[in-house]
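Breakdown of the fold
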Amino acid sequence: MDNYGNKLVFVGGMGAGKTTAIRAISDIEPVSTDMPLSIDATEEKSLTTVALDYSSVDLDDGELLHVYGVPGQKYLNFMWPMVCTGAIGIIVLVNACQGDAVDSTSELLKDFGVLAPEASFVVGVTKSDLAPSFQLTTFRDALNAGGFRMPVMKVDARVTTQVEFLIKTLLSYQHAGSQLSQGHTV
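Since we're looking at a predicted model, the values are computed, not measured.

Definitions and limits used
Residues numbered from 1 in each chain as written. Predicted model: local features only at pLDDT ≥ 70, side-chain atom pairs only at ≥ 80, totals over all residues. Heavy atoms only, no water. Salt bridge = Lys/Arg side-chain N within 4 Å of Asp/Glu carboxyl O. Buried < 20%, exposed > 50% of the residue type's maximum accessible area, 1.4 Å probe, protein only. 1 Å grid on protein atoms, 1.4 Å probe; cavity = no way out; pocket = protein on both sides within 12 Å on 5 of 7 lines; lining within 4 Å. Points joined across faces, edges and corners; volume = space filled by probe spheres on them. Helix = DSSP H or I, 4+ residues; strand = E, 2+ residues; numbered from the N terminus. Nonpolar A, V, L, I, M, F, W, Y, C, P; charged D, E, K, R; others polar. Pairing = 2+ DSSP bridges. pLDDT = per-residue confidence, 0-100. Contact = heavy atoms within 4.5 Å.

1. Here we look at the pattern of salt bridges
Using the criterion set out here, one finds one salt bridge in the structure. The residue R158 makes a salt bridge to D156 at a minimum N-O spacing of 2.8 Å. Accessibility expressed as a relative area gives 60% for R158, which makes it exposed.

Now the structure itself:
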């Protein structure tokens, strides 16, 4: 009997690639609540998630992995606790082009560390190909200096194998017993 015990949640700012990543790994057509952007629409981003994305992935052992994406806008954060309840993992996606990547990622790690204290965390940096000055090591070191120690890697949210590797990294980290606790690993 399925009880949604295998739940992962993708979080991140608007345009970080949450919906794209979920589409890349889905076995079924994802449920999506994308709506057209009325302000600041760009050629790259014309839709935004206003409630959540949901899909599932069949695991090798026959179980389902339930995958959710929550909106990145703070005014929609009322969705976050509902979706995060019972999550085994939180995947934080951050757009490398974002000027405040360290601060916004740290804030998300703090917020979701409170909402999902038993979950394991991983950070995936998207769009690094569009940000030549972005340095993964510098970003990771800044998160570490803030007390956040978890896997941090570049990922192309459009590429199934890269998103799957990010998830496998998170699940390996989860099985090793590392969770975020009050913004820090234990």
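Text resumes after the structure shown.
2. Topic: the layout of surface pockets
Take a probe with the size of a water molecule and roll it over the atoms, and the empty space left behind shows itself. When its volume is computed, the second largest pocket comes out at roughly 430 Å³. Of all the elements in the fold, those that place two or more residues in the lining of the second largest pocket are strand 3 (47-58) and helix 5 (160-175). With six residues, the single largest contributor to the lining of the second largest pocket is helix 5. When its residues are assigned to classes, the lining of the second largest pocket shows seven nonpolar, three polar and six charged.

3. Section: the pairing of strand 1 (residues 7-12)
Counting buried residues in strand 1 gives six out of six residues, a clear majority hidden from the surface. Burial of strand 1 is two-sided: the residues K7, V9 and V11 facing one way and the residues L8, F10 and G12 facing the other way are all buried. The pairing of strand 1 with strand 4 (residues 64-69) spans four bridges and is classified as parallel. From the neighbouring strand, V9 faces strand 4, where its bridge partner is Y68. In this sheet, strand 5 (residues 89-95) lies alongside strand 1 in parallel orientation, the contact comprising five bridges. Counterpart to V9 in the pairing with strand 5 is I90.

4. A few points about the confidence of the model for the protein chain
On average, residues of the protein chain score 83 in pLDDT, and 79% of them reach the 70 mark or higher. Segment residues 179-186 is flagged for pLDDT under 50; beyond a separation of four residues in sequence, or across chains, it makes 23 contacts in the model.

5. What about unusual backbone geometry?
Unlike most non-glycine residues, K127 shows phi in positive territory, near 60°. Along the polypeptide, K127 turns up in the loop between strand 6 (120-126) and helix 4 (136-145). Overall, K127 belongs to the partly exposed group, its relative accessible area being 21%.

6. Things to note about the environment of T160
Inspection of the secondary structure puts T160 in helix 5. As for T160 and S26, which are separated by 134 residues in sequence, their C-alpha atoms are 9.0 Å apart. Ignoring anything within four residues of it in the chain, the contact list for T160 reads A24 and I25.

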